[in-house]
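Listed below, chain by chain, are the residues.
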Amino acid sequence: MPRRSTLSIATFNVNGIRSRLPHLITWLREEKPDIACLQELKSVDQGFPRSDLEAEGYHARWVGQASWNGVAVLVRGEESSEVRRVLPGDPSDSHARYLEVDALGLRVVCIYLPNGNPQPGPKFDYKLKWFDRFNRHAKKLFALDTPVVMAGDYNVVPTDFDIYNPRSWLKDALLQPESRERYAKLLKMGWVDAIRELYPEEQIYTFWDYFRQHWERDAGLRIDHLLLNEAAAKRLKEGGVDRWVRGLPKPSDHAPTWVKLKHVAMAKKPAKKSAK
DNA sequence: ATGGCTGGTTTTACCAGA
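Each chain has its residues counted from 1, following the order in which its sequence is written. Here chains are named by letter from A upward and ligands by number from 1 upward, in the order in which they appear as written. Totals for whole chains, interfaces and linings use all residues, but because this is a predicted model, local features are given only for residues with pLDDT of at least 70 and pairs of side-chain atoms are given and counted only at 80 or more. Computation of side-chain values covers all heavy atoms of the structure but excludes hydrogens and water.

In the nomenclature of an unreviewed UniProt entry, chain A corresponds to Exodeoxyribonuclease III from the organism Pseudoxanthomonas indica. Entered under Sequence similarities (unreviewed entry) in the UniProt record, the comment concerning chain A runs "Belongs to the DNA repair enzymes AP/ExoA family." UniProt positions are given in the numbering used here, feature names are shortened, and annotations may be inferred rather than shown by experiment.

**Quick look at the protein's contact with DNA strand B**
One heavy atom within 4 Å of a molecule or strand makes the whole residue count as near it. Surrounding DNA strand B, one finds 24 residues, the nearest of these being Glu40, Tyr112, Asn115, Phe207 and Arg212. Among the atoms of DNA strand B lying within 4 Å of the protein, the sugar-phosphate backbone contributes 67%. Here a polar contact is recorded for every N or O atom pair within 3.5 Å, except that within protein the pair must consist of a potential hydrogen donor and a potential acceptor, and residues adjacent in sequence are included only if both atoms are side-chain atoms. With respect to DNA strand B, the side chain of Asn13 contributes an N or O atom lying 3.2 Å from a phosphate oxygen. Glu40 places a side-chain nitrogen or oxygen 2.6 Å from a phosphate oxygen of DNA strand B. For the surface near DNA strand B, the leading source of residues is helix α1 (residues 17–31), giving three residues. Note on residue classes: Ala, Val, Leu, Ile, Met, Phe, Trp, Tyr, Cys and Pro are nonpolar, Asp, Glu, Lys and Arg are charged, and everything else, Gly too, is polar. Split by residue class, the surface near DNA strand B holds seven nonpolar, nine polar and eight charged. Put simply, DSSP marks the helices as runs of H or I at least four residues long and the strands as runs of E at least two long, and each gets a number from the N terminus on.

**Looking at unusual backbone geometry**
The amide bond that connects Asn117 to the next residue, Pro118, takes the cis arrangement and shows omega of -5°. That bond from Gln119 to Pro120 is cis: its omega, 0°, falls within 30 degrees of zero. By the secondary structure assignment, Pro120 is in the loop between β7 (106–112) and α3 (122–142). If you check the backbone angles, Gln213 has positive phi at about 55° while not being a glycine. Position of Gln213 relative to the elements: it lies in the loop between α5 (194–198) and β10 (224–228). To sort residues, take the accessible area from a 1.4 Å probe on protein chains only and compare it with the maximum for the residue type: under 20% means buried, over 50% means exposed, and anything in between is partly exposed. For Gln213, a relative accessible area of 55% translates into the label exposed. Phi at Lys250 is positive, roughly 55°, even though this residue is not glycine. Tracing the sequence through the fold places Lys250 in the loop between α7 (243–246) and β12 (257–262).

See the structure below:
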């Protein structure tokens, strides 16, 4: 296993893992995240490119689904251990949107929160219900002594500062007060929005839609988030957005977003006996 | 108010994304 002084954890909505595999591999080689949470695989379990990623040195766990959704966690040079692959609270929910693992001394939660458009409507109702279930579970996770990182596509623009211009998005599910209230509730629990913590006064975007040359005009939204519990927030060193990946030809509409945490000791050395 | 673009499937037409 590679020696690590810091741990980097990234989240990347790939928008189709098979069509994005070349970009994903280019990015993994260039940035070498220790842990990568992926969303929108749009692939059944059998279609997941496990061996391609293993050839790059990454062990993967994933939850697939035909056509839509799908999440995965990649760990460089080490296996993760699965904690759960279903968000608790609704046995009838069959969407592949959640994966929770232990890896490299961290608890890592990878989420693909429902988009919720159009709103109002059943999809928006589903979004809010999913969000409520997530918040209930997040409350339990926050209490862990282990550092916890909840990373993913939250499909929420937390404030008007997190979008180039809210005007044409006012009716969108991503900006609704009901969505924002639930995100704010997480922060109120104590979860630290790592990117906002690091850049309190900069406009940071993680998503640029494919329309109207939004990328070229840097008309973006910040919707991919990494939330840290206290133990993780204490170790926060840096973070950022790998915008260059959004600039590649035929890109995902999201860019990888990441944090670096001071390394978590994996095992304590036996205490030295005092020399008295 | 609409549509602009993209990936995946049900493929030359659709759904969903955000």
